[in-house]
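Here is what each chain is made of, one letter per residue.
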Amino acid sequence: MNDQHKYKNVISEIPSTAVEVYRMLPEGTRCEVIFNELIMSPSPSRKHQLLLIKLSSLLFQFLEAKQTGTLLSAPFDVYFDQETSVVQPDLFVVLNEDEQIIQENGVYGVPAIIIEIISTNRTYDTKRKRALYEKVGVREYFMIDPKNKKTTLLSLNSNGVYEQTYEETGLLKSGILLFTFSF
């Protein structure tokens, strides 16, 4: 078989946006799209994953008991901004009143709470994702450093701008869900 025509029918149209390219990638590819730019990332660290498991357990039990929302985690797509951005937050909460944004293949809208465990590329979580989450209106954005468990909470003010609500070590405190967890 001629190699020139080997993959002829694999791509029927040339993608015009980063989200279209993203949708063509094999399942499990670690990447996101922010403001129509495709960004690849390595696997998370052991500390990252252990903290993710602990926080997932605490939040899941809380939400199950209170019946106030749904906890989801990466890898599950969250589409923003007329689908020019798609991310896979470490953890996020969709409140019951917004549950219609949860579809079978992703969330199409804005979760109330997003928790990102800071990766080795700190600027990505603290600047790029922060800018996106602020723009689309994520009400609470937690950034947690897995090395020292320093937790920073950014909350949207009445002007739609993030303000740092607190910064503490080993504490997750949500004004939306009215809970405080030590971890």
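About the criteria used
Residues numbered from 1 in each chain as written. Predicted model: local features only at pLDDT ≥ 70, side-chain atom pairs only at ≥ 80, totals over all residues. Heavy atoms only, no water. Helix = DSSP H or I, 4+ residues; strand = E, 2+ residues; numbered from the N terminus. Rg over C-alpha atoms; globule rule 2.2 N^0.38 Å. Buried < 20%, exposed > 50% of the residue type's maximum accessible area, 1.4 Å probe, protein only. Contact = heavy atoms within 4.5 Å. Areas by Shrake-Rupley, 256 points an atom, 1.4 Å probe, with all protein chains shown as cover. Lys, Arg positive; Asp, Glu negative; His and termini not counted. Charge placed at Lys NZ, Arg CZ, Asp CG, Glu CD. Expected span 1.5 Å × (residues − 1). Bend = angle between axes of the 7 residues up to and from the residue.

1. A short note on the overall build of the protein chain
Alright, step 1. Looking only at helices and strands, the protein chain has 3 helices and 14 strands in total.
Alright, step 2. A compact globule built from 183 residues would reach a C-alpha radius of gyration of about 16 Å, and the protein chain, at 18 Å, matches this within 12%.
Alright, step 3. A principal-axis box enclosing the C-alpha atoms of the protein chain has dimensions of 60 × 35 × 30 Å.
Alright, step 4. The buried share among the 183 residues of the protein chain stands at 40%.
Alright, step 5. Put simply, of all contacts in the protein chain between residues at least 6 apart along the chain, 52% involve residues at least 24 apart.
Alright, step 6. Total accessible area on the protein chain stands at roughly 10500 Å², and carbon and sulfur atoms take up 50% of it.
Alright, step 7. Computed over 19 positive and 23 negative side-chain charges, the separation of the two mean positions in the protein chain equals 9 Å.

2. Some thoughts on the side chain of lysine 129
Alright, step 1. Tracing the chain through its elements places lysine 129 in helix H3 (residues 122–136).
Alright, step 2. The residues contacting lysine 129, other than those within four sequence positions of it, are Glu32, Ile34, Gln88, Glu116, Tyr124 and Tyr141.

3. Section: H3
Alright, step 1. Its 15 residues give H3 an end-to-end C-alpha distance of 21 Å, which sits within 8% of 21 Å, the value for a rise of 1.5 Å per residue.
Alright, step 2. Along H3, the sharpest kink reaches roughly 35°, centred on lysine 129.
Alright, step 3. Along H3, the positions that sit buried rather than exposed are Tyr124, Asp125, Lys129, Leu132, Tyr133 and Val136.

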